[in-house]
Every structure is written in structure tokens, then in C-alpha cells.
Amino acid sequence: MTMHAANADSIAAAAQHLRAGKLVAFPTETVYGLGADATNDAAIAKIYALKKRPVFNPLIVHIAAFDWLGTLATTDDRAVILAKAFWPGPLTLVLPRSKTCAASKLVSPNLKTIAVRQPNHPIATHLLNAVERPLAAPSANLSGHVSPTLAAHVEADFGAALDIILDGGPCQTGLESTVLDLSTATARLLRPGAISAAEITAHIGPIGPSAQMTTAEDLKSPGQLEKHYAPSVPVRLEADAAEAGEALIGFGSTANADINLSAAGDLTEAAANLFHALRNLDDPTRFSGIAVAPIPKAGIGIAINDRLRRAALGR
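Parameters at a glance
Residues numbered from 1 in each chain as written. Predicted model: local features only at pLDDT ≥ 70, side-chain atom pairs only at ≥ 80, totals over all residues. Heavy atoms only, no water. Helix = DSSP H or I, 4+ residues; strand = E, 2+ residues; numbered from the N terminus. Rg over C-alpha atoms; globule rule 2.2 N^0.38 Å. Buried < 20%, exposed > 50% of the residue type's maximum accessible area, 1.4 Å probe, protein only. Contact = heavy atoms within 4.5 Å. Lys, Arg positive; Asp, Glu negative; His and termini not counted. Charge placed at Lys NZ, Arg CZ, Asp CG, Glu CD. Pairing = 2+ DSSP bridges. Axes fitted to C-alpha atoms, helices over the stretch in contact; angles between N-to-C directions. Salt bridge = Lys/Arg side-chain N within 4 Å of Asp/Glu carboxyl O. Parallel < 35°, antiparallel > 145°, perpendicular 65-115°, else oblique. Left-handed = near helix turned anticlockwise from the far one by under 90°. Nonpolar A, V, L, I, M, F, W, Y, C, P; charged D, E, K, R; others polar. pLDDT = per-residue confidence, 0-100.

**Some points on the overall build of the protein chain**
What the protein chain contains, in helices and strands, is eight helices and 14 strands. By the compact-globule yardstick of 20 Å for 315 residues, the protein chain fits well, its C-alpha radius of gyration being 19 Å. Oriented by its inertia axes, the alpha-carbon framework of the protein chain measures out at about 60 × 50 × 35 Å. For the protein chain, with 315 residues in total, the buried portion stands at 55%. Restricting the contact set of the protein chain to residue pairs at least 6 apart, pairs at least 24 apart contribute 70%. Both charge centroids of the protein chain, one from 26 positive and one from 28 negative side chains, sit 8 Å from each other.

**Section: the sheet that holds strand β12 (residues 246–250)**
Spatial strand order, β11-β14-β12-β13: four strands in an open sheet with parallel pairing. At either margin of the open sheet sits one strand with a lone partner, and together these are β11 (235–236) and β13 (259–260). Relative to β13, β12 is paired through two bridges, and the arrangement is parallel. Residue pairing across strands places Gly250 opposite Asn260, the latter belonging to β13. Contacting β12, β13 and β14 (289–292), helix α7 (residues 267–281) crosses the sheet at an angle of about 165° to β12.

**Brief notes about the sheet that holds strand β8 (residues 164–167)**
The sheet built from ten strands is open, its strands ordered β1-β8-β2-β3-β7-β4-β6-β5-β9-β10 with mixed pairing. One side of each edge strand has no neighbouring strand; the edge strands of this open sheet are β1 (3–5) and β10 (188–191). As paired strands, strand β5 (residues 91–96) and strand β6 (residues 113–117) are joined by four bridges and run antiparallel to one another. Residue pairing across strands places Pro96 opposite Thr113, the latter belonging to β6. On the sheet, helix α3 (residues 77–86) packs against β5 and β9 (178–181) and is oriented at approximately 160° with respect to β5. Across the sheet, helix α6 (residues 197–204) is in contact with β5, β9 and β10; its angle to β9 comes to roughly 40°.

**Comments concerning the pattern of salt bridges**
Enumeration according to the criterion identifies eleven salt bridges in this entry. We note a salt bridge from Asp306 to Arg307, for which the minimum N-O separation is 2.9 Å. You can call Asp306 buried: its relative accessible area is 9%. The buried category is assigned to Arg307, whose relative accessible area is 1%. One salt bridge in this structure joins Asp306 and Arg310, with 3.0 Å as the shortest N-O distance. Residue Asp306 and its partner Arg310 are located together in helix α8 (residues 301–312), separated by four residues, close to a single helical turn. Of the two residues, Asp306 and Arg310, neither departs from the other in class, the shared state being buried. A single network of salt bridges, built from pairs that share partners, joins Glu176, Asp306, Arg307, Arg309 and Arg310.

**A look at unusual backbone geometry**
Here the amide bond leading from Trp87 into Pro88 is cis, since omega sits at -5°, within 30 degrees of zero. Relative to the elements of secondary structure, Pro88 occurs in the loop between α3 and β5. The phi angle at Asn110 is positive, at roughly 65°, despite the residue not being glycine. Locating Asn110 in the fold gives a position in the loop between β5 and β6. Residue class for Asn110 comes out exposed when judged on its relative accessible area of 84%.

**So, the pairing of β8**
The side chains of a regular strand alternate, first on one face of the sheet and then on the other. In the sheet, β1 pairs with β8 via three bridges, with the strands oriented parallel. What sits directly across from Met3, in β8, is Ile165. Across two bridges, strand β2 (residues 24–26) lies against β8 in parallel orientation. Pairing of Val24 across the sheet is with Ile164, part of β8.

**A closer look at the packing of helix α1 (residues 8–19) against helix α4 (residues 122–131)**
Between α1 and α4, whose axes approach to 9 Å, the crossing angle comes to 50°. In terms of orientation, α1 lies oblique with respect to α4. In the packing of α1 onto α4, the handedness of the crossing is right-handed. Contact with α1, carried on its side by Ala8, Ile11, Ala14, Ala15, Leu18 and Arg19, involves Ile123, His126, Leu127, Ala130 and Val131 of α4 and no other residues of that element. Taken together, the residues of the contact of α1 with α4 sort by class into nine nonpolar, one polar and one charged.

**Observations regarding the confidence of the model for the protein chain**
Close inspection of predicted coordinates is inappropriate for parts of the model with low pLDDT. On average, residues of the protein chain score 93 in pLDDT, and 93% of them are at 70 or above. For the stretch residues 212–216, pLDDT sits under 50, and the model shows five contacts to residues farther than four places along the chain or on other chains.

**Thoughts on the environment of Leu248**
Relative to the elements of secondary structure, Leu248 occurs in strand β12. By relative accessible area, which is 2% here, Leu248 ends up buried. A sequence separation of 44 residues divides Leu248 from Val292, and the C-alpha atoms of the two residues are 5.8 Å apart. Residues in contact with Leu248, not counting those within four places in the same chain, are Ala241, Ala242, Thr254, Ala255, Asn256, Ala257, Asp258, Ile259, Leu281, Ala291, Val292 and Ala293.

Shown next as C-alpha cells:
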């Protein structure tokens, strides 16, 4: 059986699988991750193969505690300040790999950096402590597809190809982590998420804009590819209403929505519901496309609009 309710026994079995170089899907507060022992080259290669992920697209390494960071990366005052403020939580830091970095070089091919975060989810924490090794864990979906916020989403993409999917219910945040590059003197936001640029700036001062991605070599973290998070049907943004054949994703007072991300106009609720809504309406037998009502571009709404823009570019 692939799907397992997350409990002490299933987490112990999952840890054993991971130590043996196998893959396990597990929940975090952001989305479900496809986990592998970050120190095992062969296990990391399995992630790329199963997801059909471009090998130049880096992976995020997950740790159970701040103390683990020193085995992977070189830190500075900014990293310490931000980790104290936001870890465990949905913030990924891109840092220089340490000379004795325990992680496989395949997690960030051809780079001198590594992306690391400490997830804020009891199942993820329990699993990491049981494995006693960092886990590389991109979103547990086929590359370019809509990220999973339910165990059922993972099963829909991978089915029996995974031995264990730990079912921990819906993900609370529903969007992938904010990614901040601290590998240079000027910090840069590589991917917006639940932790806003304003919150980061309040702790370490001004940060620079994201660098333009012109080649694969420019990628320092996942979530930087333009085409991403895409359903199989076209996505149309800033829609006042659905056109013939379209489904409508609403927000706030949107009328006649097939799914409303938040009738109350709550952006946090909308973020948690976004990927589930896109997956539910991704049915070419029912809809020719998905129209999405305007979402305010403030706070976590910036991250929501980022994901929608990439989804609208197609797969």
C-alpha cells in the first residue's frame, strides 16, 4: 500500500526506506515533499528521474534543527538572524556550501551554493529526526505540474511508483517556501512565499531584486523557471468572469465561481487553497481552461500571483 496515515510506525518505516536510498513523500507546512537522503547520490538521482525534473534545477535540503546547518553550509550574521526569526518555517536560505558539506553535489549541480530550510511540520520534523540525515525534498509532483497540498495529489502524479506516501492531511500554507539568496553581499529574493520581502527587510535591511534568469547556470533554487505550477488546460488571469467552456476561480465577492479561494477575501486562506483549486479544475473533459479572478498583490498575495503567472505560461 502506497498511502499511509502518518503515525509512529509509518514514520519509522519511512525513515528505514530513506536510509536505504528509497524515496518517500511527506507533508510539510508548505506542500508535500518528495524526500530522499540528501547525502546519497543514487537517491538524489531517483528524485530527478521520478519527477522528470531537469537535472540543472536545484533541490532544497531540509533539516530538523538549526544545528544541522553547519554540516551543509557556511553561515553569516544574516543567516543566523533570519533562522532565529523564521525557522522552523517557510523560508529557504541559499548559502555557500561548506568545504565539508555532507550533501550530495547533485542537490545543486555545478553550484557552490546549497538551498536549506527547516520545515515547520511535526511529521516532517519527526521523520528528519528518525532518519538522522538531511533530506532533499522538492515538491512531490511531476516537474512543471501543480504542486501537491494533499497526499491524494501525490498519489495522482506517482501512483505505485512510490512505496510510501505519509498522509498528514492538507498543507497549512499551501505555497512553496520563500527563497532568499545569501551567497553574496547583497541578499536577493529568488522566490516569493509566505515570508514576505518586507518581513525579511525588517530583520536584515534592504534586499536586492531577483537576478534575471538567462541560462540554466543562473538557477540557484527551485521555483525560478518561468513555466511552472501549470495545469494541463490554459490559465487566464485577471478575469471578471468565465468565458464559454472555462471554469472560474474566484476571490472575495467573485460571482459564479466554481471554486472561491476565499469568500472572505483572506489571502492566507487563498494561498492554502490555490493549488488544490487548480488541480480540481484541471479536467479537459469538463473545461477548456481556467479563469482566475484578480488577487491583491500584497503580502502573500505577491506569492499567489507569482504562481499564477507561471501557471498561465503553460507547461
